[in-house]
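# Coordinate inspection notes
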Amino acid sequence: MEAPIGLLETDDATLVARLVPPTPSPYHRLNPTTKAVIATVASLGAFVIGGYVGPLAIIGVVLACAAVAGVLRRLVRVSALFTLPIAISVILVSVFTRAGTTVLFTIGPFDATLEGVDFAAQTLVRLFAISTAISLFGMTTDPRAFVLDLERRGLSPRFAFVAAATVEAVPAMVARAGTIQAAQRSRGLDTEGGLLARARGFLPLIVPVVLSSLTEVEERSLALEVRAFGRPGKRDLLWCPGDRGWERAVRWGLALLLLVAIVGRVAGIVGATV
Amino acid sequence: MLELRGATYRYAGYARPAIHDVDLALADGEIVGIVGANEAGKSTICLVASGLAPASIGGGLTGTLTIDGEPMAGRPVHDLAARVAIGFQDPATQRSGITGTVFEEVALGPMNLGLPATETIARARAALELLRIGDLAGRDPARLSGGQAQLVAIASLLAMRPRHVVLDEPTAQLDPEGTRLVADALRALASAGTVLLVAEQKTDLLDTLCARVVVVADGRLVADGPTGEVLGDERLEGWGVEPPSRVRLARALAARGLDPSVVEGAT
């Protein structure tokens, strides 16, 4: 953590140290931008390299990092959940519509080809690599630490607000939906039962949720403005995540690696054949 | 000093003004209460007095807002924020949503003012201590009770140390102890020279807090004078305002032929 701690009285330094989100593993302790670069390079790398070996190697590295962070099981579960809906459509579309010479089986007018299965499998491996990389970032990075780090690097506090407020908005909307649902139920709205009953109950629920969220955003932006949020100029942050020389080297190294992969792919040296 | 002169304000999209020709001057160190029925125009006066209407929310204002003799028309909101703070009724919407602890929430305003971190910390700590909520410093601001959240919202304003404070029903969600803490904090601010404008339904609070009270009805100031005089006015209930309990008690005693002067401060 970087903070004005060296300049503070002991009491204040202790207090500021308590503001820092917990970092229970060495991976959590990495600078948020380093973790963002890892997630970006892993995602783009899997996309650019293609094939099986490259994305599988990336998945292996990401899972190893997740094991260090102590989030391996949760990461696999969440990534699988994210990938599953897309996987189903990819399999259906690729297997039965991709032209190929080796027909595995036929359903009605559709031929399932070996080439289609191969394409679907490669796409799924890429998707899983991207999903694990992004999920690992989300599971090991406090959003506030990330936006403060970006602000320290010169990003506007307004962007920080938009990014952090977006992350915070989801649980707030879920909580509000729960409150409104309870209120509507107490007035006789049926939100349970069959699909039709649930659909009927959806509209009286979603309209007040959206409207109250819009009102809240307006009031919250007013409350922020009166706290001088729009003032131009740099803020002296109470704390922000630390950065180390070797992390900077890792970030540049990863960026270079990605560049090499892109050049290799364009030149035909790195390909999607294996 | 904060002064509204001939202020008529119309919200964006509305043909009819919400307040008409309001003249209101607040001297340094003065606490002025605003009372009135629902929709009478109390909140609108607060928004206009803080400069947020029309600077932030739009609409049309005729008349002037001056602070310490300087006209505020056309000034950016962050400039207004350094001069006048405003607190709203609902603590949930006053939370920034971008901080993880109460301490950071309270420190956000001073930090936005560009103060050194040491000064920000000192101000946040002092504001929390003034409202006796120092024990909440490490708590998640999203997980507080309504009363705690309101105290944090007020502390967030106080940490900016504005010379002028406008509060729209600041104790609406507070229990009697919380209300007393806020009243003590406001008195302390006023004694340091801060100008305070407080819109409230709780006339008992204004009765003990303010030297002066104004009454708003249908967007117009219909009474302006010393607290005892205004809150003891026979027309108060007709304006949709419940008199404070000491006034009601004195009237009840008088109605039964008893001496109302036994009630302290009865008019």
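Residues numbered from 1 in each chain as written. Chains lettered and ligands numbered in written order. Predicted model: local features only at pLDDT ≥ 70, side-chain atom pairs only at ≥ 80, totals over all residues.

### Digging into the overall build of chain B
- Along chain B, the regular secondary structure elements total 10 helices and 10 strands.
- The C-alpha radius of gyration computed for chain B amounts to 19 Å, which stays within 12% of the reference 18 Å derived for 267 residues, consistent with globular compactness.
- Projected onto its principal axes, the C-alpha positions of chain B cover 60 × 45 × 30 Å.
- Expressed as a percentage of the 267 residues in chain B, the buried residues total 52%. (Helix = DSSP H or I, 4+ residues; strand = E, 2+ residues; numbered from the N terminus. Rg over C-alpha atoms; globule rule 2.2 N^0.38 Å. Buried ≥ 20, exposed ≤ 12 C-beta atoms within 10 Å, placed from the backbone.)

### Some details on the domain arrangement of chain A
- Segmentation of chain A into domains returns domain 1 (22–141 + 244–267) and domain 2 (156–225).
- Here the C-alpha centre of domain 2 of chain A lies 33 Å away from the C-alpha centre of domain 1 of chain A. (Domains from an automatic or database assignment.)

### A few points about the interface of chain B and chain A
- If you look at the interface, chain B gives 38 residues, while chain A gives 32 residues.
- If you list the elements that add at least two residues to the side of chain B that touches chain A, you get helix H3 (77–83), strand S6 (84–87), helix H4 (102–112) and helix H5 (117–130) of chain B.
- Take the side of chain B that touches chain A: its biggest share by element is 7 residues, from H4(B).
- A breakdown of the residues in the side of chain B that touches chain A according to their chemical character gives 20 nonpolar, 16 polar and 2 charged. (Contact = placed C-beta atoms within 7 Å. Nonpolar A, V, L, I, M, F, W, Y, C, P; charged D, E, K, R; others polar.)

### Observations regarding the nonpolar core
- In this structure, Val48(B), Val106(B), Val152(B) and Ala155(B) are the most contacted members of the largest nonpolar core, which totals 103 residues.
- Aside from chain neighbours lying at most four places away, what touches Val152(B) is Val102(B), Glu105(B), Val106(B), Ile133(B), Leu136(B), Pro141(B) and Leu144(B).
- Ranked by size, the runner-up nonpolar core spans 27 residues in total, among them Ile38(A), Ala39(A), Ala42(A) and Phe128(A). (Core = buried A, V, L, I, M, F, W, Y, C linked by C-beta atoms within 7 Å.)

### Considerations on the confidence of the model for chain B
- Mean pLDDT over chain B: 91, with 99% of residues reaching 70 or higher.
- Across the assembled chains, the prediction reports ipTM 0.75 with pTM 0.75. (pLDDT = per-residue confidence, 0-100.)

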